[in-house]
Amino acid sequence: MVVMDKYLVVGNPIEHSRSPEIHTMFAEQCQQQLRYDKLKVDEADFESAVRDFARVGGKGMNVTVPFKEEAFAIADELSEAAQLAGAVNTLSFQQDGRILGDNTDGLGMVNDIVKRLAWPLQCKRILLLGAGGAVKGVLLPLLQQKPAQIVIANRTAEKAKDLARRFSNYGDVIGLGYAELENQAKFDVVINGTSAGLDGEMPPVPAELVDSETAVYDMLYAKEATPCLRWAQALGVEKKSDGLGMLVGQAAQSFKIWRHIEPDTSPVIEALQKKS
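In this report, the structure presented in the accompanying data block is examined. (Residues numbered from 1 in each chain as written. Predicted model: local features only at pLDDT ≥ 70, side-chain atom pairs only at ≥ 80, totals over all residues. Heavy atoms only, no water.)

Thoughts on the layout of surface pockets
Its volume calculated, the second largest pocket comes out at about 280 Å³. Lining the second largest pocket are 14 residues, with Lys59, Phe93, Gln94, Gln95 and Trp258 positioned closest to its centre. Elements with a contribution of two residues or more to the lining of the second largest pocket: strand S1 (5-11), strand S5 (90-93) and helix H10 (244-259). At three residues, H10 tops the list of elements feeding residues into the lining of the second largest pocket. (1 Å grid on protein atoms, 1.4 Å probe; cavity = no way out; pocket = protein on both sides within 12 Å on 5 of 7 lines; lining within 4 Å. Points joined across faces, edges and corners; volume = space filled by probe spheres on them. Helix = DSSP H or I, 4+ residues; strand = E, 2+ residues; numbered from the N terminus.)

Section: unusual backbone geometry
Trans peptide bonds make up the majority, and among non-glycine residues the majority have a negative phi. That bond from Asn12 to Pro13 is cis: its omega, 10°, falls within 30 degrees of zero. Position of Pro13 among the secondary structure elements: in the loop between S1 and helix H1 (19-30). In this chain, Val65 is followed by Pro66 through a cis amide linkage whose omega measures 5°. By secondary structure assignment, the location of Pro66 is in the loop between strand S3 (60-63) and helix H3 (68-74). Its identity is not glycine, yet Ala118 carries a phi of approximately 60°, on the positive side. Here Ala118 is to be found in the loop between helix H5 (105-116) and strand S7 (125-129). Exposure remark for Ala118: the relative accessible area of 53% places this residue in the exposed category. Even without being a glycine, Cys123 presents a positive backbone phi close to 65°. (Buried < 20%, exposed > 50% of the residue type's maximum accessible area, 1.4 Å probe, protein only.)

Things to note about the pattern of salt bridges
Scanning all chains against the criterion turns up 15 salt bridges. Put simply, Arg55 and Asp52 hold a salt bridge, and the shortest N to O gap is 2.6 Å. Of the two residues, Arg55 and Asp52 both sit in helix H2 (residues 46-55), three residues apart, roughly one turn of that helix. Residue classification places Asp52 among the partly exposed residues on the basis of a relative accessible area of 39%. Overlapping salt bridges, with partners in common, bring together Arg18, Glu21 and Lys275 in one network. (Salt bridge = Lys/Arg side-chain N within 4 Å of Asp/Glu carboxyl O.)

Brief notes about the environment of Gln94
Its place among the elements puts Gln94 in the loop between S5 and strand S6 (99-102). For Gln94, a relative accessible area of 29% corresponds to the partly exposed category. Sequence separation between Gln94 and Lys6 is 88 residues, and the spatial gap between their C-alpha atoms is 13 Å.

Spatial relationships are all this shows, so hold off on functional conclusions.
Here's what the structure looks like:
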């Protein structure tokens, strides 16, 4: 009897999670033997859920809303990406009892944009909408692509400016409020890191800041086109994508951390698109 390594995704809610499906496809593709489940936990029970899973031999855990900051706090060692994001989505349990924390969201998104979609980011002007956890998690990998500039725009200007200051050592990044976008030149890439796909409101980005050559990426994904992608469509943008590839991409980076092999995301994304 083969004893399979065990992995888990923890969140609340968790019913909608496609992580078990994604990691099962990765395992088949890479000929790896593992079991991946999902678990809903109450906020007060997160730490005990992590330690209990490690105690029974769990090898790794993905962490989703609302526990990424708690996962950051529980990790004994943090990657640079996790430190800067202030959040962890990937935990690895070591034989000596240490818990390693990483954040694969940003690299997952950047790989999806640069490798799968083939949209170059180097020397490009990027507009990043939002200043919450999603944006914090992607800033370092975006800046490592050496764009010409990243402009973080947020409803509360001070949050965007604070975030820009925090990452200023890694490249040219500025923060501003939505009202200040009117003074900006056209962007090559627009990335939505707000919850616009959930509440139906696209941030007020002036139409003249994009054209048919601009690439628009929404970190969120849904069966129907998100408000961000409908906005892009109405403006004649040809290069646009939702965040399904980011979801699969961040999972691929977690898989690589745990199994030391990087799966091909494209067939998994195609399979999920057919099912949705």
